[in-house]
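Chain residues, written in single-letter form:
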Amino acid sequence: MMVAESLTELVGIVSPVDGQAAYLDSYFPIAAYSASARAIGELGGGVFVWRADVPRDQHNGGSVISPTVPGAGDPAVLADYLSGAGETHAGFNGCWVRDLDGALNPTWFGARVDADLDNSASLAALVSAAVASGGRDILFPRGTLQYSQSPNFGYSHMRMIGSGPSNSVLKYTGADKALIIDASEFGPSFIYGLTLADLTVEGNSNAQSLVYCEQAAHMRITDVALREADSATGVALELRGAVACRVENVVCSINEQPMVSRPSKGILLGRLIARPEHFQCSTNTFVDVIIEAATDIGIHLQASDQAMFFGGTSEANLGGKGVVIDDVCRYNSFIGMGCEANALGDFINSGTSTQFINCYSSTSIEMLPSARHAVIEGGMYHRIDIAAGAKFTAARRLAYGYWSADGAGFFDDGNYTSVEGLMDMRAAESPGDPSPWGGNYVSQLGAPTVVAPTSSPHTVTNTSGGTLTVTVAGGTVDSIELARDGAATVVGGGSSGLPGEGTFALAPTDALKITYSATPSVLTIEGQA
């Protein structure tokens, strides 16, 4: 086997024969590499085989090398060389083909680790070659790889693996998205099965997103550390329209990796930018994520359904908010998650059917006015606040006042709050809980509302979010129809033989149409009468 010290020597081999092998020491002359790159051996070398039948227009500057593209081994013209610019024998065959053993490496495309230079062209060539190869496996080297522009890694089954968060660092120097996974660039179809693992993505004070993902399903992000972004607007992990993805052991923490510029938000789950009217995040799973850095919100569910958070924490965020769930979010669950030291609230919920199971909070967990059907079950809390307007909150078998007496308590101004088995850990009971040591109650029962029909028919529609009881009495009622799921049924009045008076329970969205010739009295009450 011949040995070539750099690409210059490889392409200078005279009259190679089909199947001849050559070992490349380094992509560029050894002097072009930092001492640390030389020490760890990340120099872009490897075994090449001469393939006489490979067209030279397949040159990609990394895994397929045409000997007649000018600039081989010259760092000053790398971008042109990778693109095949200046090929002098277009239409000819014969290339040096790298003997691949699994994943592609950016150093094979001229990237240099631990060097103050821009490796954007190498990363773009790397992605193109990975997609063309069909394998779509990328192995990021040990060391820090600096670049100013991210290619789009948004391809199904792309696998991007580093050598561990403390070993492989992607250092972004631009002012937009550090690592892009964006299927919307290619149309409405989702990408599937992408993997990002075992590395650190580092931005800077201008970076807007460290990992940005749009329109991906069945993606897995594991053992990834995120640091440095715009403190006013930057997001560490931004998922938009993600479906059935798994995020595990993702960390954005000043305790693990000190930061000069903390991101505004740690994790954001939102709608697609390309098609916001259609898709919000759905059925994603988060395991042991740690956010301890955000200047605004640690974890923000802006538009998310059925997310599951297992363990992990969002704490000591400078903006004072641990986890925020917006009002369009539905059926999200937090199990065994611990949040603390967020001055403006550890869990702040405005969503529908949010569940908090065996969690803990050292400041407050809050149900805001638009919260519906929230469940807080088990766990340890400092203060629980249920705001006026919040409905059908269930608080069961939990402890509060756990950390200290100051500001602690259970405060309920909501409607239809159900309480079971709360334990006040302080010496003095809180005024907001009439039975802190295990009793039960339902709070704020709705007051009856008398409705005066103005014309026949009069329709009552249940928009309460829970049960609505309607009582019809007096007058002359010709018919009463209950409409549910598009079907109407006569339930009283006139020739039906059913009473023209009575009490009717309406489920959410049900409507009761009352047709009369003499005006009856109509009374409504939220909940059971």
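Look up a bit, the structure's there.
Residues numbered from 1 in each chain as written. Predicted model: local features only at pLDDT ≥ 70, side-chain atom pairs only at ≥ 80, totals over all residues. Heavy atoms only, no water.

1. What about the overall build of the protein?
Within the protein one finds four helices and 48 strands. Rg of the C-alpha trace for the protein: 32 Å, well past the compact-globule value of 24 Å for 529 residues, more than 25% over. By its C-alpha atoms, the protein is 105 × 60 × 30 Å across when sized along the principal axes. Counting across all 529 residues of the protein, residues that qualify as buried make up 54%. Restricting to contacts in the protein with at least 6 residues of sequence separation, those with at least 24 account for 64%. On the protein, roughly 21000 Å² of surface is accessible, and the fraction owed to carbon and sulfur atoms is 52%. In the protein, the 28 positive side-chain charges and the 54 negative ones have mean positions that sit 2 Å from each other. (Helix = DSSP H or I, 4+ residues; strand = E, 2+ residues; numbered from the N terminus. Rg over C-alpha atoms; globule rule 2.2 N^0.38 Å. Buried < 20%, exposed > 50% of the residue type's maximum accessible area, 1.4 Å probe, protein only. Contact = heavy atoms within 4.5 Å. Areas by Shrake-Rupley, 256 points an atom, 1.4 Å probe, with all protein chains shown as cover. Lys, Arg positive; Asp, Glu negative; His and termini not counted. Charge placed at Lys NZ, Arg CZ, Asp CG, Glu CD.)

2. Concerning unusual backbone geometry
A cis amide bond, omega 0 degrees, links S456 with the succeeding residue P457. Following the sequence through the fold, P457 ends up in the loop between β41 (449-451) and β42 (458-461). The phi dihedral of H157 falls on the positive side, at around 65 degrees, and the residue is not glycine. Inspection of the secondary structure puts H157 in the loop between β7 (143-147) and β8 (159-161). Not every positive phi belongs to a glycine, and D223 is a case in point at roughly 55 degrees. The topology assignment puts D223 in strand β15 (residues 220-227). According to the relative accessible area criterion, D223 is partly exposed, its value standing at 28%.

3. Overview of the sheet that holds strand β1 (residues 2-4)
Hydrogen bonds between backbone atoms are what pair the strands of a sheet, whose relative direction is either parallel or antiparallel. In spatial order, the strands read β1-β2-β3-β5-β4; together these five strands make up an open sheet with mixed pairing. Looking at strand neighbours, the two that pair on one side only are β1 and β4 (64-65), the edges of this open sheet. Across five bridges, the pairing between strand β3 (residues 46-55) and strand β5 (residues 93-98) is antiparallel. Looking at β5, one finds that F48 is bridged to R98. (Pairing = 2+ DSSP bridges.)

4. Details of the nonpolar core
The biggest cluster of nonpolar side chains holds 104 residues, and the ones touching the most others in it are L226, F334 and F356. It is helix α4 (residues 120-133) that provides the largest number of residues to this core, a total of six residues. For L226, the residues in contact, after removing those within four places along its chain, are V201, L210, V211, A236, L237, V250, V251, C252, Q257 and M259. Of all hydrophobic cores here, the second largest spans 13 residues; its members include V460, L482, Y516 and V522. (Core = buried A, V, L, I, M, F, W, Y, C linked by side-chain atoms within 4.5 Å.)

5. A few points about the environment of G492
Its place among the elements puts G492 in strand β45 (residues 487-492). Along the sequence, G492 and I514 sit 22 residues apart, while their C-alpha atoms lie 9.1 Å from each other. With residues up to four places along the chain from it excluded, the contact list for G492 reads S479, I480, L498 and P499.

6. Quick notes on the state of the cysteines
If you walk through the whole model with that rule in mind, you get zero disulfides. We note that C245 lacks a disulfide partner, and the nearest cysteine sulfur, in C213, lies 5.9 Å from it. The class for C245 is buried, based on a relative accessible area of 2%. (Disulfide = S-S within 2.5 Å.)

7. Overview of the sheet that holds strand β19 (residues 265-270)
Here ten strands make up an open sheet; going across it, the order is β10-β13-β16-β19-β23-β27-β30-β32-β34-β37 and the pairing parallel. A single partner strand is all that each edge strand has here, and the edge strands are β10 (177-182) and β37 (409-412). Averaged over all pairs of adjacent strands, the angle between their axes in this sheet comes to 10 degrees, without regard to strand direction. Relative to strand β30 (residues 347-349), strand β27 (residues 321-325) is paired through three bridges, and the arrangement is parallel. Its bridge partner lying in β30, I325 is registered against N349. (Axes fitted to C-alpha atoms, helices over the stretch in contact; angles between N-to-C directions.)

8. Comments concerning α4
With 14 residues, α4 extends 20 Å from end C-alpha to end C-alpha; this agrees with the ideal 20 Å at 1.5 Å per step. For α4, the complete set of buried residues consists of S120, S122, L123, A125, L126, V127, A129 and A130. Of the residues trailing α4, G134 is marked for its positive phi of about 85 degrees. (Expected span 1.5 Å × (residues − 1).)

9. Here we look at the pairing of strand β31 (residues 355-361)
Bridge count for strand β28 (residues 333-335) against β31 is three bridges, and the pairing is parallel. Of the residues in β31, the one forming a bridge with S333 is Q355. In the sheet, strand β29 (residues 338-339) pairs with β31 via two bridges, with the strands oriented parallel. Within β31, the residue paired with G338 across the bridge is Y360. The pairing of β31 with strand β33 (residues 375-381) spans six bridges and is parallel.

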